Amino acid sequence: MALDLYAGVPVSDFDTAVEWYARFFGAPASFLAGDTEAVWELAEHRAVAVELRPDRAGNALNTMFVDDFAMRLERIALAGIQPVVKETYPNGVRHATFRDPDGNEFSLGGAPE
């Protein structure tokens with residue numbers, strides 16, 4: 001079964017959000033889907049869209065599980081963004097939560113070291 005994912009992040013200030021997510025993902029948006037929506041294609045058929053929706057801003061919760069957890073955290077820190085929570089679960093799984101300017105949560109997970 002094929003699976004495509006298009007996760008949405010509602011924001012109140014489009015330009016600020018696009019700048020923050022470009023730093024977070026380490027690249028500019030893959031494309032603009034209109035005047036108020038920017039899309040990052042993170043992998044084949046898997047995308048995150050930032051959309052101007054002030055009435056819903058700050059309520060998104062997204063997590064990406066990555067195989068280069070430590071390297072991504074380092075790159076994101078170099079871009080001036082720090083996690084609000086960083087933890088390791090009893091089973092060794094690592095987790096870091098970031099908040100964009102609206103308070104939307106975007107987390108990274110990583111396998112035990």
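It should be emphasised that the depicted structure is a prediction, and the values quoted were computed from it without experimental measurement.

Criteria and cut-off values
- Residues numbered from 1 in each chain as written.
- Predicted model: local features only at pLDDT ≥ 70, side-chain atom pairs only at ≥ 80, totals over all residues.
- Heavy atoms only, no water.
- Helix = DSSP H or I, 4+ residues; strand = E, 2+ residues; numbered from the N terminus.
- Expected span 1.5 Å × (residues − 1).
- Buried < 20%, exposed > 50% of the residue type's maximum accessible area, 1.4 Å probe, protein only.
- Arc of directions from axis to C-beta.
- Polar contact = N/O pair within 3.5 Å; in protein donor to acceptor, adjacent residues only side chain to side chain.
- Contact = heavy atoms within 4.5 Å.
- Pairing = 2+ DSSP bridges.
- Axes fitted to C-alpha atoms, helices over the stretch in contact; angles between N-to-C directions.
- Phe/Tyr/Trp six-rings, centres within 6.5 Å; stacked < 30°, edge-to-face > 60°.

Draft legend 1. Structural view of helix α1 (residues 14-25). Over its 12 residues, α1 extends 16 Å from the first C-alpha to the last, a length consistent with the 16 Å expected when each residue adds 1.5 Å. Residues of α1 that are buried include every one of Phe14, Ala17, Trp20, Tyr21, Phe24 and Phe25, and no others. Angular distribution of buried residues about the axis of α1 spans 130°; they occupy a single face of the element. N-capping of α1 is provided by aspartate 13, with a side-chain oxygen placed 3.3 Å from the backbone N of aspartate 15. Glycine 26 occupies a position one or two residues after α1 and carries a positive phi of about 80°.

Draft legend 2. A look at the side chain of arginine 94. Here arginine 94 lies in strand β7 (residues 94-99). Given the relative accessible area of 13%, arginine 94 is considered buried. At 2.7 Å, the side chain of arginine 94 and the backbone oxygen of alanine 111 are in polar contact. When near neighbours in sequence (up to four residues on either side) are disregarded, arginine 94 contacts Phe69, Ala70, Glu87, Thr88, Leu108, Gly109, Gly110, Ala111, Pro112 and Glu113.

Draft legend 3. How the structure looks around the sheet that holds strand β5 (residues 61-66). An order of β5-β8-β7-β6 is seen for the 4 strands of this open sheet, with the pairing classed as mixed. Each edge of the sheet is formed by a strand with only one pairing partner; in this case those strands are β5 and β6 (85-88). Neighbour-to-neighbour, the strand axes of the sheet open up by a mean angle of 15°, direction not taken into account. Across 6 bridges, β7 lies against strand β8 (residues 105-110) in antiparallel orientation. Counted as the bridge partner of alanine 96 is leucine 108 from β8. Strands in contact with α1 are β5, β7 and β8; relative to β8, the strand with the most contacts, it is inclined by about 5°.

Draft legend 4. Structural context of the packing of aromatic side chains. Tallied over the entire structure, the rule returns 11 aromatic pairs. When the ring of tryptophan 20 is compared with that of tyrosine 21, the centres are 4.7 Å apart and the planes differ by 75°; the resulting orientation is edge-to-face. Neither tryptophan 20 nor tyrosine 21 differs from the other in exposure class; each is buried. Seen from their ring centres, tyrosine 21 and phenylalanine 24 are 6.4 Å apart, and the 75° between their planes marks the pair as edge-to-face. Of this pair, tyrosine 21 and phenylalanine 24 both sit in helix α1, 3 residues apart, which is roughly one turn of the helix. Taking the relative accessible area as the measure of exposure, tyrosine 21 reaches 1% and is therefore buried. Here the aromatic residues Trp20, Tyr21, Phe24, Phe25, Trp40, Phe98 and Phe106 are joined through ring pairs into a cluster of three or more.

Keep in mind these values describe shape, not function.
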